[in-house]
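# Structural overview for review
Here are the chains, one letter per residue:
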Amino acid sequence: MSIIIGLKDRDTVVLGTDSRYMNAECTEVHSDSVPKIYPIADIGFLAANGYKLACDFQQTRASEIARELGTRDIETIAEALARESMPVMQQLVAS
């Protein structure tokens, strides 16, 4: 489980999270020092969970979707990413 904290003061948002990633089999810690919050557009970010394979896919794909759709609208990017993530998540859970 990942914990993400967001603090907002007027036009400033500060995000924080833990930094633990599990290996693909969820049997041991992959790393205790991996960032989980990534910028994906000028005003958007991706806050990932601690499952490395899923995070790697979503981090890469979110930036690509923002460029492909030519949008900074986080809801549009999130909807497209959710659609594309479901088959990946189902495959990871099944293995």
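Attention here is on the structure that accompanies the text. Small disclaimer: the values here were computed from a predicted structure and weren't measured.

## Focus on the pairing of strand β2 (residues 12–17)
Two faces make up the sheet, and in a regular strand the side chains alternate between them. As judged from the 6 bridges shared by strand β1 (residues 4–9) and β2, these two strands associate in the antiparallel manner. The residue bridging D9 from the neighbouring strand is T12, located in β2. Linking β1 to β2, which pair antiparallel, is a turn of 2 residues; within it R10 sits at a positive phi near 55°.

## Describing the side chain of Q58
Among the structural elements, Q58 can be located in helix α1 (residues 52–69). A distance of 3.1 Å separates polar atoms of two side chains, one belonging to Q58 and the other to S85.

## A word on the pattern of salt bridges
If you walk through the whole model with that rule in mind, you get 3 salt bridges. With its nearest N and O atoms 3.0 Å apart, the salt bridge here joins E64 to R61. Separated by 3 residues within a single helix, E64 and R61 lie in helix α1, roughly one turn from each other. Across the salt bridge formed by E68 and R61, the nearest N and O atoms sit 2.9 Å from each other. Residue classification places R61 among the buried positions, given a relative accessible area of 14%. Here the residues in one salt-bridge network are R61, E64, E68 and E84, joined through shared partners.

## Details of unusual backbone geometry
The backbone phi angle of R10 is positive, close to 55°, even though this residue is not glycine. Mapped onto the elements, R10 comes out in the loop between β1 and β2.

What counts, and at which threshold
- Residues numbered from 1 in each chain as written.
- Predicted model: local features only at pLDDT ≥ 70, side-chain atom pairs only at ≥ 80, totals over all residues.
- Heavy atoms only, no water.
- Pairing = 2+ DSSP bridges.
- Helix = DSSP H or I, 4+ residues; strand = E, 2+ residues; numbered from the N terminus.
- Polar contact = N/O pair within 3.5 Å; in protein donor to acceptor, adjacent residues only side chain to side chain.
- Salt bridge = Lys/Arg side-chain N within 4 Å of Asp/Glu carboxyl O.
- Buried < 20%, exposed > 50% of the residue type's maximum accessible area, 1.4 Å probe, protein only.

These figures come from the coordinates and say nothing about function on their own.
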